[in-house]
Amino acid sequence: MTNTIIEPFKIKSVEPISFTTREYRQKALREAHYNLFLLRADDVLIDLLTDSGTAAMSSRQWAAIMDGDESYAGSRSFFKFEKVVKDLTRFNFVIPTHQGRAAEKILFTVVGGRGKVIPSNTHFDTTRANVEFSGAAAVDLPVPSALETDKRSDFKGDIDLNRLKDLIRKVGAANIPLCILTVTNNSVGGQPVSMRNIRETSALLNKHGIPLFLDACRFAENAFFIKLREPGYKDKSVHDIAQEMFSYADGCTMSAKKDALVNIGGFLALNDAAIAEKSRSLLIMTEGFPTYGGLAGRDLDAMAQGLEEVLDEDYLKYRIRSVEYFGDKLEKAGVPVLVPTGGHAVFLDAKRFLPHVPAHQYPGQAIAVEVYLEGGIRSVEIGSVMFGRETDGEFVGAGLELVRLAIPRRVYTQSHIDYAAEAIIEVFKRRERIPGYRITYEPPYLRHFTAHFEPVVKETTPG
Ligand code: F0G
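Residues numbered from 1 in each chain as written. Predicted model: local features only at pLDDT ≥ 70, side-chain atom pairs only at ≥ 80, totals over all residues. Heavy atoms only, no water.

**Details of the sheet that holds strand β11 (residues 380-382)**
Our working rule: A pair of strands is labelled paired if DSSP reports no fewer than 2 bridges between them. Only DSSP runs of H or I reaching four residues or more are called helices, and only runs of E reaching two or more are called strands; each is numbered from the N terminus. Between the N-to-C directions of two axes lies an angle of 0 to 180 degrees, each axis being a line fitted to C-alpha atoms and, for a helix, fitted only over the stretch in contact.
Pairing within the open sheet is antiparallel, and its 3 strands lie in the order β9-β14-β11. The open sheet is flanked by β9 (345-349) and β11, the only strands paired with a single partner. Across the sheet, the mean angle from the axis of one strand to that of its neighbour is 30 degrees, orientation sign disregarded. Bridge analysis of β11 against strand β14 (residues 402-406) gives 3 bridges, and the strand direction is antiparallel. The residue bridging Ile382 from the neighbouring strand is Leu402, located in β14.

**A few points about empty space enclosed by the protein**
Where empty space is left becomes clear once a probe the size of a water molecule has been rolled over the atoms. Spelled out, the test is: Whether a set of points on the 1 Å grid over the protein atoms alone is a cavity depends on a 1.4 Å probe fitting there but being unable to get out, while an open set qualifies as a pocket with protein on both sides within 12 Å along at least five of seven lines; lining residues are those with an atom within 4 Å of a point. Grid points are joined across faces, edges and corners, and a volume is the space filled by probe spheres set on the points. Each residue gets one label: Ala, Val, Leu, Ile, Met, Phe, Trp, Tyr, Cys and Pro are nonpolar, Asp, Glu, Lys and Arg are charged, and the others, such as Gly, are polar.
Within this structure, the stated rule accounts for 1 cavity of 30 Å³ or more. Taken as a whole, the largest cavity holds about 90 Å³ of empty space. Asn35, Leu36, Phe37, Leu49, Gln365, Ala368, Ser379, Val380, Glu381, Val385, His448 and Phe453 together form the lining of the largest cavity. When its residues are assigned to classes, the lining of the largest cavity shows 7 nonpolar, 4 polar and 1 charged.

**Remarks on the layout of surface pockets**
Condition: Source of the domain bounds: an automatic or database domain assignment.
Its boundaries defined by the atoms lining it, the largest pocket holds a volume of some 1400 Å³. Along the walls of the largest pocket sit 36 residues, with Ser13, Ala56, Met57, Arg410 and Val411 positioned nearest its centre. Counting residues per element, the lining of the largest pocket draws most heavily on helix α2 (residues 59-66), at 3 residues. Looking at the lining of the largest pocket residue by residue, the class counts come to 18 nonpolar, 9 polar and 9 charged. No fewer than three residues from each of domain 1 (22-51 + 313-455) and domain 2 (59-309) sit in the lining of the largest pocket. Its boundaries defined by the atoms lining it, the second largest pocket holds a volume of some 1000 Å³. Along the walls of the second largest pocket sit 33 residues, with Arg128, Met386, Phe387, Gly388 and Arg389 positioned nearest its centre.

**Focus: the pattern of salt bridges**
Where we set the bar: Throughout this description, the term salt bridge denotes a Lys or Arg side-chain nitrogen within 4 Å of a carboxyl oxygen of Asp or Glu. Accessibility here uses a 1.4 Å probe with only protein chains present; expressed as a share of the type maximum, an area under 20% marks a residue as buried, one over 50% as exposed, and anything in between as partly exposed.
A complete count under the given rule lists 31 salt bridges for this structure. Between Arg378 and Asp47 there is a salt bridge; the shortest N-O distance is 2.8 Å. In this pair, Arg378 is assigned in strand β10 (residues 377-378) and Asp47 in strand β1 (residues 46-47), connecting sequence segments 331 residues apart. Exposure remark for Arg378: the relative accessible area of 6% places this residue in the buried category. In this structure, the salt-bridge partner of Arg196 is Glu200, at a minimum N-O distance of 3.0 Å. You can see Arg196 and its partner Glu200 sitting in helix α7 (residues 195-207), 4 residues apart, about one turn around the helix. By relative accessible area, which is 33% here, Glu200 ends up partly exposed. Residues joined by salt bridges that share partners form a network here, namely Asp51, Arg218, Glu221, Asp259, Arg319 and Arg409.

**Re the site of the ligand**
To keep things clear, this is the line we draw: A single heavy atom is enough: if one lies within 4 Å of a molecule or strand, its residue is considered near that molecule or strand. Under the rule applied, a polar contact is a pair of N or O atoms within 3.5 Å (in protein, one hydrogen donor and one hydrogen acceptor; residues adjacent in sequence only if both atoms are side-chain atoms). Calculation of accessible area relied on Shrake-Rupley with a 1.4 Å probe; when residues are assessed, cover is drawn exclusively from the protein chains displayed.
Neighbouring the ligand are 17 residues, the closest being Thr50, Arg101, Asp215, Ser255 and Lys258. A distance of 2.9 Å separates an oxygen atom of the ligand from a polar backbone atom of Gly100. Starting from 470 Å² of accessible surface for the ligand in isolation, the protein chains cover 93%. Sort the elements by how many residues they give to the shell around the ligand and helix α4 (residues 100-111) lands first, with 3 residues. The residue makeup of the shell around the ligand, split by class, is 2 nonpolar, 8 polar and 7 charged.

**Some words on the nonpolar core**
Note the cut-off: Here, nonpolar core means buried Ala, Val, Leu, Ile, Met, Phe, Trp, Tyr and Cys residues that are tied together by side-chain atoms lying within 4.5 Å of each other. Contact criterion: two residues are considered in contact whenever any of their non-hydrogen atoms come within 4.5 Å of each other.
Phe81, Phe219 and Met245 are the most contacted members of the largest nonpolar core, which totals 64 residues. Counting residues per element, this core draws most heavily on helix α8 (residues 219-229), at 6 residues. Of the residues that make up this core, three or more belong to each of domain 1 (22-51 + 313-455) and domain 2 (59-309). Sequence-distant contacts of Met245, defined by excluding residues within four places in its chain, comprise Val183, Met195, Ile198, Leu214, Phe219, Asn222, Ala223 and Ile226. Of all hydrophobic cores here, the second largest spans 49 residues; its members include Ala28, Phe353, Ala420 and Ala423.

So this is what it looks like as C-alpha cells:
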C-alpha cells in the first residue's frame, strides 16, 4: 500500500521564482527597513506571507473566466454564482463584493453603531476594524486552550460559551445585533470550530433572538477538520458538513480569496430581508450593482467553480495534510510551533523560539527577518508588532508572539515545503545569536504594514 499523499493535480502552467544570494537579501532587508511587507515580491523565493488571493486557479476556473458574462446588470455569471452559494449555504440573499472586508464593511455599517457589541470566537483584524469603525465594540471570546500554543486540542477555534452567556447578561441581547464565528479561527492559529460549538452557540443566541453569522472564508478547511476529528462526522461528505455548519447560521461574510480558490472576490449572504435591502443600497454606492458587486463577471464565474472544487475531499486531504507535514517536520527538529497545526498555516511560537528577546523587542519580527535572510522565505509576524501598543509610554504586549507561515492553495509542492522547513531549522540552530528589533518609524494605524525597524544590538546584526 502507498502512504504518500500526493498533490491531487498536475501542473499545466508554471511561474518562475527568483533565487537571490544571502548578500542580496541582506541588502534588500536593509532597504526595506527590516519590514517584510516592504520587500519587492520578486526578491522573495517562497512567499508564505498569506494564503489570501494567492491560490493557483484550475484549468476549469480559467475556462470559466473565458465564459464570464460582463453585462452590467443581470449577468449570467451572477446567476451561476448565486446558485452555487445558495445551494451551499441555503441563505436567501447573496450579495457579491470585491473581497471579504467589503462585505464586513457593509454588514457592520448596517447592524453596528455606538453602544452595540459584536462577540466572536476571535475577530480577524479587518472584521474588528469594521466593527469598531461603525462605533460598536468587538469582543473576542476564544476558549482558554486557544492561548496554550504547546497543548494539543481538537477544536481550539471554539467560542467560550460561558463567557458569551456572561456577555449577553451584562450588555443585554438588545445591544448585540449579531455574533460572528470565524471558521477556521485565523488569529489563534487557523484552528477549527466544532459543529457542536456552532450548534450550541446558535441555540444560545436563538434564546435571546440574536442572529449568528459565520466569517466563512475557510469554511471548507473547517468542515474537513470536523470530518476528521468530531464524533459522528467521519462518514458524512464535506459538502454535507459545510451545509450543516451554515444551517445553524443566519448569514455569513466570505473572503473568496481563501476557500473559493480565487485571486479576488467575496460575498455577504443572509436571510434577513431588511438587512439585505439596506446592504444592497450600500453596495450600489461603494461596490457596484447587485449582480456584480465590485467584480468582473468572469470573477463570479471563477468563484462559482472554486466553491465547488474546494469541497473535493482529495483536495482537502492534501491541503490539511501538507500543512500538517510542514508543522510536523519543524516540531520533530525541536522548533516550537503552535500545535496542532491549523488549516492554512504553520505558526512558530516566537516566545519559546527566542526566549532571550523580550516582547518589546519583537521576537516574531526577528524570526521573520532571519527566515527571509536564510532562505528567501517571507512570513508574517502576528504578535506585538501587529497588536502591541504603547499606553502612556508603557509597552503592552500582544499575549501571543507568533510568526505565520501561510500556505497558498495549490501553489507550492512538497519540495518547496521541505526547503522552507530546512531554512527555519537552520535559523533555529543559531537562535541564540539572533537580536531583537526596535521600531524607528511607525504610522498612527496598522503599523505592521509600513513600520521601520532596526536590530537592537548593532554589532550582531542578523546573519
Ligand atoms: N476574515 C478572515 C478570517 C480573514 O483571514 C480575512 C483575510 C478576512 C476576513 C478579510 O478578507 O482580505 O478578502 O478582505 N485574511 C488575510 C490573511 C488578509 O492574510 O489572513 P479580505
